[in-house]
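Tertiary structure, described
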Amino acid sequence: MTRSDLPIITLPTRRLGRTDMTITRVGFGAWAIGGGDWAAGWGTQDDRASIAAIRHAVDRGLNWIDTAAVYGLGHSEEIVREALAEIPFDERPYVFTKCGLVWDEADRTKMPSRVGAPESIRREVEASLKRLGVERIDLYQMHWPAGDGTPLEAYWQTLLDLKAEGKVRAVGLSNHTAEQLRVCERIGHVDSLQPPFSAIHREVGATELPWCDVHGTGVIVYSPMQSGLLTGHFTHERARDLPASDWRSRASDFAGDKLDRNLQLAAALQPIALRRATTVATVAVAWTLAWPGVTGAIVGARSPEQVDGWFDAATLELSRADIEEIARAISATGAGSGPAMPG
């Protein structure tokens, strides 16, 4: 199917914090398309399938992509550029990326370092602009709190400076706490937060989401399907067979009692999916979007078919009864931690 064959779809949007960007409720996550030959890869990935997945998501109406310099050690950003190259400029989605994780060019297997030094961030933004083939990044985010001794205030000021200089449109934080958000907000407004959030890992629902809701900070959550566990297709056998090049083969959520509880929770979403004529993956993503303060959810895909598996979350709104049923399932299975439903 070509772009001209696809129907024009207008999806619901939400304003991202106080920015001038309105984004669809779900966006394309580009972590997995970085490939498997680095410390946090998802195993071997076909670049052609990645490009097809991105274009399919955009064709269906999604208007933003979230990537990071570190995904595939630059490769994900290059794939995003290639995927967007044939899309007319005025039809392209917003492109969000991240900084602050610096890798060793001589050893791709080494975990990247958390670096907040202003001169490093400035080098990184120039490299990302080049790899993405854009003149300005729509949202630039500090990936993790710095681990090199750089004060929070110093790297946040650097991001604010990049925004003032026009190199980036908006700036945000990823994987930062409410207290860190408060520190940054005193220096300059935090446009967005990108935290992990799913029906398994619910911790940010207690503090960070309410803080963002009150302070006009947009929230784009990542791993709403908990890296595949809440798709309805994951199994004990698949967990056992994950290759060493897939970071999930070493993650505690994918083994032992945790895996048992997580898959039980996924199974408990099936009746809701059947009632709503959709997929378990869609229900899992829609659950995150039901929380006050959440603007959108980053959802990964490695093929067009995977996009179709969760695309309904762009429009599905769970009922209060659905949310209460999921809360009961969380309690019954003992999966994960954090508040089980919005207050």
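Below is a short write-up of the structure. (Residues numbered from 1 in each chain as written. Predicted model: local features only at pLDDT ≥ 70, side-chain atom pairs only at ≥ 80, totals over all residues. Heavy atoms only, no water.)

1. With respect to the side chain of His56
Within the fold, His56 resides in helix α1 (residues 47-59). Residue His56 is classed as buried on the basis of its relative accessible area, which comes to 18%. With residues near it in sequence (within four places) discarded, His56 still touches Pro304, Val307 and Asp308. (Helix = DSSP H or I, 4+ residues; strand = E, 2+ residues; numbered from the N terminus. Buried < 20%, exposed > 50% of the residue type's maximum accessible area, 1.4 Å probe, protein only. Contact = heavy atoms within 4.5 Å.)

2. Topic: helix α3 (residues 118-132)
For α3, spanning 15 residues, the distance from its first C-alpha to its last is 21 Å, which sits close to the expected 21 Å at 1.5 Å a residue. Within α3 the residues assigned to the buried category are Ser120, Ile121, Glu124, Val125, Ser128, Leu129, Arg131 and Leu132. Contacts from the buried residues of α3 go to α2 (75-84), β5 (94-99), β6 (101-102), β8 (137-142), α4 (152-165) and β9 (168-174). (Expected span 1.5 Å × (residues − 1).)

3. As for the pairing of strand β12 (residues 296-300)
Counting buried positions along β12 yields four of five residues, so the element is predominantly enclosed. In this sheet, β12 lies alongside strand β3 (residues 26-29) in parallel orientation, the contact comprising four bridges. Bridged to Gly27 within β12 is Ile298. The pairing of strand β11 (residues 218-221) with β12 spans two bridges and is parallel. Paired with Val221 across the strands is Ala297, a residue of β12. (Pairing = 2+ DSSP bridges.)

4. Looking at the environment of His233
Along the chain, the position of His233 falls in the loop between β11 and α7 (236-240). Residue classification places His233 among the exposed positions, given a relative accessible area of 64%. In sequence terms His233 and Ala266 are 33 residues apart; their C-alpha atoms lie 8.9 Å from each other.

5. Here's the deal with the nonpolar core
In this structure, Val26, Phe28, Ile54, Tyr140, Leu173, Trp310 and Leu318 are the most contacted members of the largest nonpolar core, which totals 93 residues. No other element matches the eight residues that helix α10 (residues 280-289) contributes to this core. Ignoring anything within four residues of it in the chain, the contact list for Tyr140 reads Thr97, Lys98, Cys99, Ile121, Glu124, Val125, Leu159, Leu162, Val168, Ala170, Val171 and Gly172. In terms of nonpolar packing, the next biggest core, distinct from the first, is built from 11 residues, Ile23, Trp64, Leu139 and Ile298 among them. (Core = buried A, V, L, I, M, F, W, Y, C linked by side-chain atoms within 4.5 Å.)

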